[in-house]
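Single-letter residue listing:
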Amino acid sequence: MERLFIETKFATDDNGAIEGLAWPFGTPDRVGDVIEKGAFAEAVLPLPMLFGHDGNDPVGAWTEAVEAEDGLRLKGRMLVGEVRRADEVRALVKSGAVRGISIGFITRKSGPRKGGGRTITKLELLEASLVAVPMHPGARVTSAKSAVQALQLAAAIDRTARALRISN
């Protein structure tokens, strides 16, 4: 099984509902792989939601997978209040410590890309994990709540303050 770590940010609510951009189309990950729109067409739901690709650490299920114009978007539910580990992972997500989604899949059809990596046009999606260290630099915020939004605001303020100090 192959694993791709991509950066994304996502929101979770008190009931464990969660969503995110699991794979942005049109840009390569850090090893040069690109997955094209249509490659996820045969995704079977519900899809296991794991923590860190550990098959013994399920924390919920992804119940919706949509190939939108910008990428694969997932929606699901962490088993908050039902599985202790889901409660722990939810706390990590809300704090901003865990902000990535990484997909586990088997490549069914691909070709080499000029300069390295592959263009993947068909795959079997096996799972999508919540991870701390993402791999895809093109992932972006799909929605933000709680601490994730606060961390983004703090980072923006810090960048602005540094810029002001440099220009003065």
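Calculation criteria
Residues numbered from 1 in each chain as written. Predicted model: local features only at pLDDT ≥ 70, side-chain atom pairs only at ≥ 80, totals over all residues. Heavy atoms only, no water. Helix = DSSP H or I, 4+ residues; strand = E, 2+ residues; numbered from the N terminus. Buried < 20%, exposed > 50% of the residue type's maximum accessible area, 1.4 Å probe, protein only. Contact = heavy atoms within 4.5 Å. Areas by Shrake-Rupley, 256 points an atom, 1.4 Å probe, with all protein chains shown as cover. Salt bridge = Lys/Arg side-chain N within 4 Å of Asp/Glu carboxyl O. Phe/Tyr/Trp six-rings, centres within 6.5 Å; stacked < 30°, edge-to-face > 60°. pLDDT = per-residue confidence, 0-100.

Caption draft 1: Structural context of the overall build of the chain. Tallying secondary structure elements over the chain gives two helices and nine strands in all. Reading the secondary structure of the chain in the N-to-C direction produces β-β-β-β-β-β-β-α-β-β-α. Across the 168 residues of the chain, 38% fall into the buried class. Residue pairs in contact within the chain that sit at least 24 positions apart in sequence constitute 68% of those at least 6 positions apart. Just so you have it, the chain exposes about 8,600 Å², and 53% of that area is on carbon and sulfur atoms.

Caption draft 2: Structural detail: the pattern of salt bridges. Under the criterion given, the structure shown has eight salt bridges. Arg77 is the salt-bridge partner of Glu82, the closest N and O atoms lying 2.6 Å from each other. Among the ionic pairs, Glu88 bridges to Arg85, the shortest N-O distance being 3.1 Å. Of the two residues, Glu88 and Arg85 are both situated in helix H1 (residues 84–95); the distance of three residues between them amounts to about one turn of the helix. The partly exposed category is assigned to Glu88, whose relative accessible area is 37%. In the salt-bridge network here, residues are joined through shared partners; they are Asp57, Arg85 and Glu88.

Caption draft 3: Quick look at the packing of aromatic side chains. Taken as a whole, this structure holds one aromatic pair when the rule is applied. Between Phe25 and Phe40 the ring centres are 6.4 Å apart and the planes differ by 45 degrees, which places this aromatic pair in the tilted class. Placement of Phe25 in the loop between strand E3 (17–24) and strand E4 (34–35) and of Phe40 in the loop between E4 and strand E5 (47–51) is noted, with a sequence separation of 15 residues between them. The exposure classification of Phe25 matches that of Phe40, with both residues buried.

Caption draft 4: Examining the confidence of the model for the chain more closely. Put simply, the chain has an average pLDDT of 81, and 71% of its residues get 70 or more. Mean pLDDT in the chain bottoms out at strand E2 (residues 11–12), which sits at 54, and peaks at strand E6 (residues 58–67), which reaches 96. Scored below 50 in pLDDT, residues 138–154 shows 38 contacts in the model against residues more than four places distant or in partner chains.

Caption draft 5: Quick peek at unusual backbone geometry. Going from Leu45 to Pro46, the amide bond is cis rather than trans, its omega being -5 degrees. As for its position among the elements, Pro46 is in the loop between E4 and E5. Although it is not a glycine, His53 adopts a positive phi angle of roughly 60 degrees. Structurally, the position occupied by His53 is in the loop between E5 and E6.

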